[in-house]
Amino acid sequence: MTASTIKLDTSPEDHHIAKMAAVALGLSVLEGAIPSPLPGVKPGLANIVTLIVLARYGWRAAVWVSLLRVVAGSLLFGNFLAPGFFLSLSGALFSLLALAASLALPARWFGPVSQSILAAFAHIAGQLLIVFLWLIPHSGVAYLIPVFATAALLFGTANGLIAAHFMDNARDNPAESSS
Amino acid sequence: MNSHEFSRARLQRYLRPGDWLTLSLGAGIIGLMIQTFWQGSQADTVIIRAGGKIFLEAPLARDREIHIPGPLGQTRVLIEKGRVRVATDPSPRQYCVRQGWLSQAGEVAVCLPNEISVELSGGTNRYDSLNY
């Protein structure tokens, strides 16, 4: 019997995606330690990474990073295929669609902050859809929508500003970002 | 370097004109959501039931006093300034009286021992506390 090795050919792009997904994963875990007043109200720090990846490597890479983060994150938190996982997945998919749409906006006028806010709103829309269609099919859910929307606007703006700051730094010190 | 000027220039770079538009649109949408989801619809009719049957349906707009007979005695209901309350009731624990004024559609006061309920309806009921 001969020992066999499986070698996967990876491109530099794969490495970038893996690195960024790892950073996003780290931020999700970090964020899990922050207490939240209401389940579902979270800063969504990992989306900063998604925004940066979107700006630097494009939408396809952003999809990879975002979905890798959701799946690997659920394995880390132990809720793979549990309701929480589907909430994250649906939120992430809706965000990605919103980000794809946001690419049509003229970059001169709309920056990462707009993208972040749009993605945050899409995220809660995706989550509430799952909540309403599957988990809690009762109109009382509507009562919480303004709370989630307010959180989305605040955190979306904050994350957008942080992403803009990182992109700005990368532009000023290109050597630092190429590592 | 003037740090204040510096941060203002940065903020201007981070927040492009369209971003302000997105921000204010988002805030506007939240305002609309608060209005739609948090404001219970105004009630316009009082439905009083006695022994499970509708005793009286009255508009909220006109102030009046209603006396309803029940197995324990008489229950007095007041309609005043678009609100309604059970003023007096012979039930021992007085839950329906202590509930006070009802003003939004879907609100109900039930005097169970005397088999009388006062319900507000109108527009769309925000929720139905009896059935759900």
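Look up a bit, the structure's there.
The rules behind the values
Residues numbered from 1 in each chain as written. Chains lettered and ligands numbered in written order. Predicted model: local features only at pLDDT ≥ 70, side-chain atom pairs only at ≥ 80, totals over all residues. Pairing = 2+ DSSP bridges. Helix = DSSP H or I, 4+ residues; strand = E, 2+ residues; numbered from the N terminus. Axes fitted to C-alpha atoms, helices over the stretch in contact; angles between N-to-C directions. Core = buried A, V, L, I, M, F, W, Y, C linked by C-beta atoms within 7 Å. Buried ≥ 20, exposed ≤ 12 C-beta atoms within 10 Å, placed from the backbone. Contact = placed C-beta atoms within 7 Å.

Q: Which parts of the structure should I look at to understand the sheet that holds strand 5 (residues 83–88) of chain B?
A: Two strands in a sheet stick together by hydrogen bonds in their backbones, pointing the same way (parallel) or opposite ways (antiparallel). Residue and element names in this part refer to chain B. Spatially, 3-4-5 is the arrangement adopted by the three strands of the open sheet, whose pairing is antiparallel. Both edges of this open sheet fall to strand 3 (64–69) and strand 5, since each of them pairs with a single strand only. Along the sheet, successive strands turn relative to each other by an average axial angle of 25 degrees, direction set aside. As paired strands, strand 3 and strand 4 (residues 74–80) are joined by six bridges and run antiparallel to one another.

Q: Mind showing me how you'd approach the nonpolar core here?
A: Side chains of a nonpolar character, in soluble globular proteins, are inclined to be buried together. Ranked by internal contacts, the top residues of the largest apolar core, which has 42 residues, are A:Val49, A:Val65, A:Phe121 and A:Ala152. Counting residues per element, the ones that place at least two in this core are helix 1 (12–32), helix 2 (46–57), helix 3 (59–77), helix 4 (83–102), helix 5 (112–135) and helix 6 (145–172) of chain A. If we ignore the near neighbours within four places in the chain, the residues touching A:Phe121 are A:Ala149, A:Ala152 and B:Gly26.

Q: I would appreciate a short explanation of the sheet that holds strand 6 (residues 108–111) of chain B in the present structure.
A: Residue and element names in this part refer to chain B. Spatially, four strands are ordered 2-1-7-6 in an open sheet, and the strand pairing comes out antiparallel. A strand with exactly one partner marks an edge of an open sheet, and here the two such strands are strand 2 (53–59) and strand 6. Adjacent strand axes in the sheet meet at a mean angle of 15 degrees when their direction is disregarded. Bridging between strand 6 and strand 7 (residues 116–121) involves four bridges; their strand directions are antiparallel. Following the sheet pairing, Val108 is matched in strand 7 by Glu119.

Q: Is there a simple way to think about the interface of chain A and chain B in this case?
A: Size of an interface, as often reported, equals the accessible area lost when the parts are brought together. Taken together, the contact pairs 22 residues of chain A with 18 residues of chain B. Within the residue set of the side of chain A that touches chain B, elements represented by two or more residues are helix 5 and helix 6 of chain A. The element best represented in the side of chain A that touches chain B is helix 6 of chain A, accounting for 10 residues.

Q: Would you take a moment to explain the pairing of strand 1 (residues 45–50) of chain B for this structure?
A: It is a general feature of regular strands that their side chains alternate between the two faces of the sheet. Residues and elements named next belong to chain B. Inspection of the sheet shows strand 1 paired to strand 2 by six bridges, in the antiparallel sense. In the strand pairing of strand 2, Ala50 is matched with Lys53. Count of turn residues in the strand 1/strand 2 antiparallel hairpin: two residues, of which Gly51 carries a positive phi of about 60 degrees. One ladder, built from six bridges, connects strand 1 with strand 7; its direction is antiparallel. Paired with Ile48 across the bridge in strand 7 is Val118.

Q: It is not clear to me how the pairing of strand 4 of chain B should be interpreted in this structure. Could you clarify?
A: Residues and elements named next belong to chain B. Between strand 3 and strand 4, which follow one another and run antiparallel, lie four residues, and Gly73 among them has a positive phi close to 150 degrees. Bridge analysis of strand 4 against strand 5 gives five bridges, and the strand direction is antiparallel. Note that in strand 5 the partner of Leu78 across the bridge is Arg85. Turn length for the strand 4-strand 5 hairpin, with the two strands adjacent in sequence and antiparallel, is two residues, and the turn residue Lys81 shows positive phi of about 50 degrees.

Q: Looking at this structure, I do not really get the environment of B:Ile54. What am I missing?
A: Residues and elements named next belong to chain B. Along the polypeptide, Ile54 turns up in strand 2. With 11 C-beta atoms packed within 10 Å, Ile54 lands in the exposed category. For Ile54 and Ser117, which are 63 residues apart along the polypeptide, the C-alpha to C-alpha distance reads 9.3 Å. When neighbours within four sequence positions are excluded, Ile54 is seen to be in contact with Ile47 and Arg49.

Coordinates in, geometry out; function isn't part of it.
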